[in-house]
Amino acid sequence: MIHDVLEAVLKVDGVIRLQPYSEEQYQRLGSTVLWQANRNTGVMVSRFCDDSWLRGGEKSSITFHQANDELGYELRAIALGMLSHGAGEGMQPVKWGTTKRIIRCSKRFALWLQAQNIRSLHQLDTLPLLRLRHLIRRFLTENNASKHIHIAQEVSSALYWWQQYGIIRSAERVDLFTELLSPLIALKSSLRQKHAVIPTRIMKLMLKVCEEQLEVAEAHFGQWQVIQLALNHRIAELNPAHFNRDTFIDALSENEAEELNHLHACFERIRRYVFVLVMAYSGMRHSEAMALDDDAAFSRDGIYYLRSELSKTTDGSQALEWVVSEQAYRGVKLLGKMNAIYRQRAKQLIQYYSKSLPEKRLLDLQFGSKDTKLFRVKHTKQSAWFSNQSKTTKNGFNNVNTLFSIPVTQADIEQLETLGCNVQSVSATSKNFRLPYQVGIPFNFTSHQFRHTFAWFIVANRLGDLDDIKYQYKHLESSMTLVYSHRGYNSMAELVRLTESFETYLSEQAMTDMVSAAEQGHLAGRGGQKFVERLKQVLGDDFDSGSSPHFANMQELLAYTAKHSSNFRGLSHGYCTKGTSCKVRNVADPSHCINCDSYIATPKHLPHWLVIKKRCEQQLTAFEQFPKEMQPRFASFKGALTDNLHAANRIIEQLQINIKEA
């Protein structure tokens with residue numbers, strides 16, 4: 001058991017230290033079973049001395065290949081300690097993915113040391129400082145760390161855990177590592193490249209194809225379903241010898257086979273098109289899309305949702321609801337219905353022919369019959385195949401580059417240049433790292449680009465403001481609770497970083513919106529009235545004409561205003577010019593804003609206030625239907641609704657009159 005191994009390899013006494021290496025003990029512990037995990041190739045048993053470990057529920061293995069003897073012992077002991085105790089006794093265990101990364105970094109450096117006749121990491125603590133300096137410099141040079149900054153960053157991350165587990169205790173040696181690694185790590189921020197936003201033209205072309213393919217599949221689903229279900233129903237009647245080699249089901253008539261051949265073209269790649277729709281219309285991470293289940297799609301009050309799991313920034317998994325487009329919702333619904341047919345087929349093949357099927361095929365069917373992940377079913381014509389794929393691979397279904405090859409145009413390049421992301425790749429290991437696009441080069445798609453493009457699209461098309469993205473990232477009312485109760489500080493910080501590059505653009509757009517609304521006489525809120533007065537003071541008698549002695553044209557005024565509006569914040573129902581000093585940060589009750597000198601609403605925000613008005617009226621009507629004895633308990637609730645209704649009526653009235661005429 002793991003507990004026995006931990007006691008044998010670690011000394012936990014406030015701090016954590018590795019027990020001295022003993023070859024005899026290492027061999028004795030070698031066959032101890034740590035975990036069992038179900039995969040489509042069968043049950044994977046992980047023992048202490050195995051070269052690969054996999055725990056149930058994890059997507060990828062921690063590997064120790066080539067790490068032999070004392071080095072293998074050290075890496076395995078560190079991994080178990082991180083997964084069980086974290087950085088010290090009583091501290092939080094480290095996530096599997098983080099542990100895998102630290103072991104990979106440590107192994108890379110240690111295997112290089114082995115080629116220099118240094119057999120374990122523990123020896124670093126006793127090496128002469130001059131030799132250690134020479135070794136570190138050689139390692140960084142041979143791995144081109146000045147270009148691949150992650151090399152230095154990885155060694156630095158691993159060094160922290162070597163210290164925590166007592167492998168390196170000498171402060172002088174830690175300082176030496178820091179001295180040589182710090183200058184390279186400092187370059188990281190200057191060399192870091194933003195993920196490219198997918199150019200608008202390319203995104204439109206891609207989504208048009210995906211939506212057309214979805215419509216074709218939906219139109220033919222009924223015919224396809226009839227044939228596939230008929231195939232399932234005939235499985236029990238076949239000869240067991242039929243499945244000695246594979247799971248191809250030869251049970252269709254000539255006409256059915258011909259019709260299925262024609263229909264199969266509509267469905268063989270539909271999984272890939274739906275994957276693109278989900279990524280484009282949700283803002284999900286790749287891992288969250290791959291975690292979708294067959295029943296992930298649902299609707300509520302006319303809004304479409306996908307239910308997925310977040311694990312990157314949380315302890316364990318958290319269920320999330322993502323607001324998506326109708327197309328993404330329909331695509332997931334269609335895949336779920338298709339997957340049910342293949343899972344039923346797998347169960348029937350297991351039931352009737354488990355003794356005849358090849359072992360690997362049987363294991364794959366057993367996995368697929370129990371699994372529920374949306375994108376793990378291969379939609380074959382007359383068989384049943386499943387996949388445990390979680391990463392994007394060269395030939396994987398989720399590699400968008402094998403589905404679309406769209407050359408960039410000059411207009412695409414100009415858009416990328418404007419957004420500061422005209423690079424073919426942000427991966428330091430790619431041959432096209434940081435190389436700019438040239439006309440005619442196919443655009444290089446990555447899954448994470450969809451997340452950036454989603455955020456950009458919301459801002460660029462004025463479907464939301466910066467705060468909508470920073471604090472929500474998804475639909476306004478469906479996500480405030482999610483952000484504060486599920487995602488926490490780390491995820492919030494990521495969203496802030498994700499949208500930092502949009503802030504200048506947003507301010508310019510918001511100023512244009514406010515000045516334009518003021519010029520037309522449509523600004524609401526006390527701040528809106530003051531904004532008009534200030535514009536009149538600046539522009540004088542030329543307010544109506546849009547020119548003034550101070551500014552050559554309105555565009556100059558807009559540029560000046562945006563430049564000096566660092567305190568500006570965009571809200572879902574208006575603009576706040578008080579910035580960070582505003583104490584009503586989440587603006588859950590907009591009635592508190594309308595009398596503030598810093599609050600401005602434009603016609604763009606009128607639909608939001610109309611919705612507030614309608615919902616307040618509906619909820620107040622429902623309140624009046626409460627039993628009389630219950631109403632006093634909800635008096636404060638009624639008061640808040642009444643305040644918001646009053647605020648909505650005032651803003652709507654102000655936005656629907658012409659200030660100049662008044």
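Read on for an overview of the structure. Everything numeric here is computed off the predicted structure, so don't read it as measured data.

**What about the nonpolar core?**
Here is step 1: If you look at the biggest cluster of nonpolar residues, it comprises 79 residues, and the most contacted ones within it are Phe-375 and Phe-404.
Here is step 2: Considering every element that reaches this core, the biggest residue donor is helix α13 (residues 326-353), with 12 residues.
Here is step 3: Apart from residues lying up to four places away in sequence, Phe-404 is in contact with Met-206, Val-209, Cys-210, Tyr-273, Val-276 and Phe-445.
Here is step 4: If you look at the next biggest cluster of nonpolar residues, it comprises 61 residues, including Leu-6, Leu-75, Trp-112 and Ile-136.

**As for the packing of helix α9 (residues 200-233) against helix α10 (residues 254-267)**
Here is step 1: Between α9 and α10, whose axes approach to 9 Å, the crossing angle comes to 145°. Crossing geometry of α9 relative to α10 is assigned as left-handed. On α10, the residues that touch Val-216, Ala-217, His-220, Phe-221, Gln-223, Trp-224, Ile-227 and Gln-228 of α9 are Glu-256, Glu-259, Leu-260, Leu-263, Cys-266 and Phe-267.
Here is step 2: Across the contact of α9 with α10, the residue classes break down as nine nonpolar, three polar and two charged.

**Things to note about the pattern of salt bridges**
Here is step 1: This model, assessed by the stated rule, comprises 14 salt bridges.
Here is step 2: The shortest N-O distance in the salt bridge between Arg-343 and Asp-294 comes to 2.8 Å. Taken as a pair, Arg-343 in helix α13 and Asp-294 in the loop between α12 (286-290) and β7 (297-300) lie far apart in primary sequence, 49 residues in all. Like Asp-294, Arg-343 is buried.
Here is step 3: For Glu-617, the salt bridge identified is with Lys-613, shortest N-O distance 3.0 Å. Here Glu-617 and its partner Lys-613 are both found in helix α22 (residues 606-624), four residues apart, which amounts to about one turn of the helix.

**A closer look at helix α4 (residues 96-114)**
Here is step 1: In this model α4 runs 26 Å from its N-terminal to its C-terminal C-alpha over 19 residues, within 8% of the 27 Å that 1.5 Å per residue would give.
Here is step 2: Those residues of α4 not exposed but buried are Trp-96, Thr-99, Ile-102, Ile-103, Cys-105, Ser-106, Lys-107, Phe-109, Ala-110, Trp-112, Leu-113 and Gln-114.

**Points about unusual backbone geometry**
Here is step 1: Not every positive phi belongs to a glycine, and Asp-69 is a case in point at roughly 50°.
Here is step 2: With respect to the element layout, Asp-69 can be found in helix α3 (residues 69-84).
Here is step 3: A positive phi is found at Asp-301, a non-glycine position, where the angle reads about 55°.
Here is step 4: Relative to the helices and strands, Asp-301 is located in the loop between β7 and β8 (303-310).

**Comments concerning the side chain of Arg-361**
Here is step 1: Within the secondary structure, Arg-361 sits in helix α14 (residues 359-370).
Here is step 2: Arg-361 sits in the buried class, given a relative accessible area of 7%.
Here is step 3: Engagement of the side chain of Arg-361 in a polar contact is seen with the side chain of Asp-364, the distance being 3.1 Å.
Here is step 4: Each residue touching Arg-361, except ones within four places of it in the same chain, is listed here: Thr-247, Ser-383, Ala-384 and Trp-385.

What counts, and where the lines are drawn
- Residues numbered from 1 in each chain as written.
- Predicted model: local features only at pLDDT ≥ 70, side-chain atom pairs only at ≥ 80, totals over all residues.
- Heavy atoms only, no water.
- Core = buried A, V, L, I, M, F, W, Y, C linked by side-chain atoms within 4.5 Å.
- Buried < 20%, exposed > 50% of the residue type's maximum accessible area, 1.4 Å probe, protein only.
- Helix = DSSP H or I, 4+ residues; strand = E, 2+ residues; numbered from the N terminus.
- Contact = heavy atoms within 4.5 Å.
- Axes fitted to C-alpha atoms, helices over the stretch in contact; angles between N-to-C directions.
- Left-handed = near helix turned anticlockwise from the far one by under 90°.
- Nonpolar A, V, L, I, M, F, W, Y, C, P; charged D, E, K, R; others polar.
- Salt bridge = Lys/Arg side-chain N within 4 Å of Asp/Glu carboxyl O.
- Expected span 1.5 Å × (residues − 1).
- Polar contact = N/O pair within 3.5 Å; in protein donor to acceptor, adjacent residues only side chain to side chain.

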